[in-house]
Amino acid sequence: MRFVTIRLLATLLIAPLTLWLLSAPAALAEEERAAPTPVQIVALDECDPTTFNAVLGPDFCKNVALAFVLPFATTFDHLFAEAAAGAPDPGWDFEPDRVAIRKGTPLIVVNQGGEPHTFTEVAKFGGGFVPPLNGGEATVPECAGGFKDVAVARTRILQGSQLQVTGLSKGEHHFECCIHPWMRVTVEVK
Ligand SMILES: [Cu+2]
């Protein structure tokens, strides 16, 4: 009888302990889900400071891609010529082009290029607000107002700064730069 009592007591003590130990990792996973690690996207470009700043003003382009010692620079005219020919410069790029995230994961878009970009959500990819850079595509409505439109201005990312995007709903989202519209990212939220 005494033996039975002890065994019952042991079971009563051990069972909750086992349950607690088993549930601890689950609680930890729950906590991790509550504060997910942001996913980074980088904006890159290879603007040539001499020719860009001659047109757009001093300090517009601050090339960080070693333009003065390595051939990581595209002149202002060449960028426009490439876009007009339908072969936009691949040095102007968001990386990665496609990301899959869980709902609630923030995106951090870092501008590591030399000039400003925008990370603007659009219903459908298309042209930006600088028609000569659009390669013949029509300007999408989300970009049409340019920086006069606060909705566009708030998606701007200056050189060396970053933008956080949160609260994306489940499904597929499209983002592009309203200046260089071949810079595109598709975000799949699961
Ligand atoms: Cu851009």
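Data block above holds the structure.
This text gives an overview of the structure that appears in the document. (Residues numbered from 1 in each chain as written. Predicted model: local features only at pLDDT ≥ 70, side-chain atom pairs only at ≥ 80, totals over all residues. Heavy atoms only, no water.)

## Here we look at the overall build of the chain
In step 1: The secondary structure content of the chain amounts to 4 helices and 10 strands.
In step 2: Of the regular secondary structure in the chain, the N- to C-terminal order runs α-β-α-α-β-β-β-β-β-α-β-β-β-β.
In step 3: Counting only residues that meet the buried cut, the chain has 38% of its 190 residues in that class.
In step 4: Of all intrachain contacts in the chain linking residues separated by at least 6 positions in sequence, the fraction that spans at least 24 positions is 70%.
In step 5: Surface accessibility of the chain: about 11,200 Å² in total, with carbon and sulfur atoms responsible for 63%. (Helix = DSSP H or I, 4+ residues; strand = E, 2+ residues; numbered from the N terminus. Buried < 20%, exposed > 50% of the residue type's maximum accessible area, 1.4 Å probe, protein only. Contact = heavy atoms within 4.5 Å. Areas by Shrake-Rupley, 256 points an atom, 1.4 Å probe, with all protein chains shown as cover.)

## Considering the packing of aromatic side chains
In step 1: Under the defined criterion, the tally for this structure stands at 6 aromatic pairs.
In step 2: On the basis of an interplanar angle of 85 degrees and a centroid distance of 5.3 Å, the ring pair of F52 and F76 is categorised as edge-to-face. Residue F52 is found in helix 2 (residues 49-56), and its partner F76 is found in helix 3 (residues 76-84); the two are separated by 24 residues along the sequence. No difference in accessibility class separates F52 from F76, as the two residues are buried.
In step 3: A centroid spacing of 5.3 Å and a plane angle of 90 degrees characterise the contact between F94 and F119, whose relative ring orientation is edge-to-face. A residue pair is termed long-range when its members are at least 10 positions apart, and F94 in strand 2 (residues 93-95) and F119 in the loop between strand 5 (117-118) and strand 6 (120-122) qualify at 25 residues. (Phe/Tyr/Trp six-rings, centres within 6.5 Å; stacked < 30°, edge-to-face > 60°.)

## Observations regarding the state of the cysteines
In step 1: This structure, assessed with the given rule, holds 2 disulfides.
In step 2: Covalently, C143 is tied to C178 through a disulfide, its sulfur atoms 2.0 Å apart. Residues C143 and C178 are joined by a disulfide whose S-S torsion is about -75 degrees; by sign, that bridge is left-handed. You can see C143 sitting in the loop between strand 6 and helix 4 (150-153) and its partner C178 sitting in the loop between strand 9 (171-176) and strand 10 (184-189), a full 35 residues away along the chain. (Disulfide = S-S within 2.5 Å.)

## Re the sheet that holds strand 2
In step 1: The strand order across the open sheet formed by 4 strands is 2-1-4-8, and the pairing between neighbours is mixed. The outermost strands of the open sheet, each flanked by one partner alone, are strand 2 and strand 8 (162-165). Averaged over all adjacent pairs, the angle separating strand axes in this sheet is 20 degrees, with direction ignored.
In step 2: Both strand 1 (residues 39-44) and strand 2 contribute to a ladder of 3 bridges, which runs antiparallel. Within the sheet, the bridge partner assigned to V42 lies in strand 2 and is E95. (Pairing = 2+ DSSP bridges. Axes fitted to C-alpha atoms, helices over the stretch in contact; angles between N-to-C directions.)

## Brief notes about the coordination of the copper ion
Octahedral metal centres with six donors ideally show angles of 90 or 180 degrees, and tetrahedral centres with four donors ideally show 109.5 degrees.
In step 1: Around the copper ion, the protein supplies H117 (ND1), C177 (SG) and H180 (ND1) as donor atoms, at distances of 2.0 to 2.2 Å.
In step 2: Donor residues binding the copper ion come from one chain and are separated in sequence as H-x59-C-x2-H. Residue H117 is located in strand 5, and its partner C177 is located in the loop between strand 9 and strand 10; the two are separated by 60 residues in the primary sequence.
In step 3: The buried category is assigned to C177, whose relative accessible area is 0%. (Donors = N, O, S within 2.8 Å, 3.2 Å for Na, K, Ca; no water.)

## Some thoughts on helix 3
In step 1: All buried positions along helix 3 are accounted for by F76, L79, E82 and A83. Projected down its long axis, helix 3 carries its buried residues within an arc of 130 degrees, all on one side. Away from its buried face by more than 90 degrees, helix 3 exposes D77 and A84.
In step 2: Positive backbone phi, at 80 degrees, marks G86, one or two positions downstream of helix 3. (Arc of directions from axis to C-beta.)

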